Amino acid sequence: MRKIAVVFWSGTGNTEDMAKAVLAGAQSAGAEVSLFQAADFDAAKMDEFQAIAFGCPSMGDEQLEEGEFEPMFTACTPKLSGKPIALFGSYGWGDGEWMRNWEESCRNAGAELVCQSVICNESPDDEAVAACQNLGKSLAQ
């Protein structure tokens, strides 16, 4: 059984809803899953999990949330090498550039992106929820 962390930051609840769908998908595939808000996760916890899903909405000029999520993620970056991860988040404007930049930084750190990242505009619809569940299932394998 794979041990997975789902780590997220959400300002409006949209990315939190996505995190819960990722959690449900991973659990349905038999994984042991822990859900963390960004403020409750740090680099020291990285070694406790075999795979991690990170979720953060696009903020400002298409960037990660700078107060809690980005500092936590930056601290975790040195431990991404060889780690299976998946990314998800919501946005309200732009074209998803923040996710493309985030994926590139993860690849540069040596992370293994196990599936296509999931983004949705505003609140996740049924298609986005299903994609998040599939993201969780992919991490569990």
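Residues numbered from 1 in each chain as written. Predicted model: local features only at pLDDT ≥ 70, side-chain atom pairs only at ≥ 80, totals over all residues. Heavy atoms only, no water.

Focus on the overall build of the protein chain
Secondary structure assignment for the protein chain yields four helices and six strands. Ordered by position from the N terminus, the helices and strands of the protein chain form the series β-α-β-β-α-β-α-β-β-α. When the backbone C-alpha atoms are referred to their principal axes, the protein chain occupies close to 40 × 35 × 25 Å. Taken across its 141 residues, the protein chain has 48% of its residues classed as buried. Long-range contacts, defined as pairs at least 24 residues apart, comprise 76% of the intrachain contacts of the protein chain with a sequence gap of at least 6. Of the roughly 6500 Å² that the protein chain leaves accessible, carbon and sulfur atoms contribute 43%. In the protein chain, the 9 positive side-chain charges and the 22 negative ones have mean positions that sit 10 Å from each other. (Helix = DSSP H or I, 4+ residues; strand = E, 2+ residues; numbered from the N terminus. Buried < 20%, exposed > 50% of the residue type's maximum accessible area, 1.4 Å probe, protein only. Contact = heavy atoms within 4.5 Å. Areas by Shrake-Rupley, 256 points an atom, 1.4 Å probe, with all protein chains shown as cover. Lys, Arg positive; Asp, Glu negative; His and termini not counted. Charge placed at Lys NZ, Arg CZ, Asp CG, Glu CD.)

Quick notes on the environment of Ile4
Examined against the element boundaries, Ile4 turns out to sit in strand E1 (residues 3-8). By relative accessible area, Ile4 is classed as buried at 0%. Spatially, the C-alpha atom of Ile4 lies 6.2 Å from that of Glu32, the residues being 28 residues apart in sequence. Once residues within four sequence positions are removed from consideration, Ile4 is found in contact with Ala26, Ala31, Glu32, Val33, Ser34, Phe49, Ala51, Gly136, Leu139 and Ala140.

Section: the pattern of salt bridges
Summed over the entire model, instances satisfying the criterion amount to three salt bridges. A salt bridge links Asp47 to Lys79; the shortest N-O distance between them is 2.9 Å. Remark: Lys79 occurs in the loop between helix H2 (69-76) and strand E4 (84-91) and Asp47 occurs in the loop between strand E2 (32-37) and strand E3 (51-55); sequence separation between them is 32 residues. A salt bridge links Asp95 to Arg100, with the nearest nitrogen and oxygen atoms 3.1 Å apart. Looking at Arg100, the relative accessible area reads 43%, which means it is partly exposed. (Salt bridge = Lys/Arg side-chain N within 4 Å of Asp/Glu carboxyl O.)

Considering H2
If you check which residues of H2 are buried, you get Phe69, Met72, Phe73 and Cys76. For H2, the angular spread of buried residues about the axis comes to 95°, placing them on one side. Packed against the buried residues of H2 are E1, E3 and helix H3 (97-108). (Arc of directions from axis to C-beta.)

Some remarks on unusual backbone geometry
Of note in this structure, Glu122 is not a glycine but carries a positive phi near 65°. With respect to the helices, strands and loops of the structure, Glu122 is situated in the loop between strand E6 (118-121) and helix H4 (126-140). When its relative accessible area of 41% is taken as the criterion, Glu122 is described as partly exposed.

Things to note about the side chain of Thr15
Inspection of the secondary structure assignment puts Thr15 in helix H1 (residues 14-28). A distance of 3.1 Å separates the side chain of Thr15 from the side chain of Ser90, its partner in a polar contact. For Thr15, the contacting residues outside a window of four places in its chain are Phe8, Trp9, Ser10, Gly55, Cys56, Pro57, Phe88, Gly89 and Ser90. (Polar contact = N/O pair within 3.5 Å; in protein donor to acceptor, adjacent residues only side chain to side chain.)

Some details on the packing of aromatic side chains
Here the structure, examined in full by the defined rule, presents ten aromatic pairs. Centroid distance Phe36 to Phe49: 5.7 Å. Interplanar angle 80°. Geometry classified as edge-to-face. In this pair, Phe36 is assigned in strand E2 and Phe49 in the loop between E2 and E3, connecting sequence segments 13 residues apart. On the basis of relative accessibility, which here comes to 15%, the residue Phe36 falls in the buried class. Residue classification places Phe49 among the buried residues on the basis of a relative accessible area of 4%. When the ring of Phe54 is compared with that of Phe73, the centres are 5.0 Å apart and the planes differ by 90°; the resulting orientation is edge-to-face. Residue Phe54 is found in strand E3, and its partner Phe73 is found in helix H2; the two are separated by 19 residues along the sequence. Each of the two residues, Phe54 as well as Phe73, counts as buried. Among the aromatic residues, those joined into a cluster by ring pairs are Phe36, Phe41, Phe49, Phe54, Phe69, Phe73 and Trp102. Here Lys3 stacks its cationic end above the ring of Phe49, 5.5 Å away from the centre of that ring. (Phe/Tyr/Trp six-rings, centres within 6.5 Å; stacked < 30°, edge-to-face > 60°. Lys NZ or Arg CZ within 6 Å of the ring centre and 35° of its normal.)

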